Amino acid sequence: SIIANIAKDYFKRSRPFVADPTLDGCDHSKTKPLTSYPSGHATLGYSLGAALVVLFPEKAPAIRARTDDYAYSRMVCGMHYRSDVEASRVLGEWVVTEMLKNPTFHTKFDAARAELKAAGVTR
């Protein structure tokens, strides 16, 4: 969320419901109108999805489909544009790539993967 919020603050992009007040789908009353790009929710979803794909490679297609569906829901609600969601996909996947370069995180992640394999949850 930190990096997504930095980008939101920099771009200050109007949300779709601001551009078209007739859009209805979600409660927009508590949403800041100039925080469309990128989607924080989609960034979180894509980062979690990217991490799960590393842990469960055999389930990658299903995981990716679910994260795409979650991100799409942000457009259905009138909260984001397609480009907001696409930027979130790139950002979320980048975050996981960078986190895996951190030795402390990578060690813990490898331990989690080994635990999942030992439990027979993944290959």
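The structure contained in this document is the topic of the report that follows.

## Examining the overall build of the protein chain
No. 1: Each helix and strand in the protein chain was counted, giving 6 helices and 0 strands.
No. 2: Across the protein chain, helices and strands are ordered from the amino to the carboxyl terminus as α-α-α-α-α-α.
No. 3: Over its C-alpha atoms, taken along the principal directions, the protein chain stretches across nearly 50 × 25 × 20 Å.
No. 4: Per-residue burial for the protein chain yields a buried fraction of 35% across its 123 residues.

## Here we look at the environment of serine 29
No. 1: Take serine 29: it is sitting in the loop between helix H2 (16-19) and helix H3 (40-55).
No. 2: Given the relative accessible area of 59%, serine 29 is considered exposed.
No. 3: A polar contact is formed between the side chain of serine 29 and the side chain of aspartate 27, at a distance of 2.7 Å.

## Quick notes on the packing of H3 against helix H5 (residues 82-99)
No. 1: Put simply, H3 and H5 touch, their axes get as near as 7 Å, and they point 40° apart. One finds that H3 runs oblique with respect to H5. The interaxial crossing formed by H3 with H5 has right-handed handedness. Here H3 contributes Ala42, Thr43, Tyr46, Ser47, Ala50 and Ala51 to the contact with H5, which in turn contributes Val85, Ser88, Arg89, Leu91, Gly92, Glu93 and Val96.
No. 2: Per-class residue counts for the contact of H3 with H5 are 7 nonpolar, 4 polar and 2 charged.

What counts, and at which threshold
- Residues numbered from 1 in each chain as written.
- Predicted model: local features only at pLDDT ≥ 70, side-chain atom pairs only at ≥ 80, totals over all residues.
- Heavy atoms only, no water.
- Helix = DSSP H or I, 4+ residues; strand = E, 2+ residues; numbered from the N terminus.
- Buried < 20%, exposed > 50% of the residue type's maximum accessible area, 1.4 Å probe, protein only.
- Polar contact = N/O pair within 3.5 Å; in protein donor to acceptor, adjacent residues only side chain to side chain.
- Axes fitted to C-alpha atoms, helices over the stretch in contact; angles between N-to-C directions.
- Parallel < 35°, antiparallel > 145°, perpendicular 65-115°, else oblique.
- Left-handed = near helix turned anticlockwise from the far one by under 90°.
- Contact = heavy atoms within 4.5 Å.
- Nonpolar A, V, L, I, M, F, W, Y, C, P; charged D, E, K, R; others polar.

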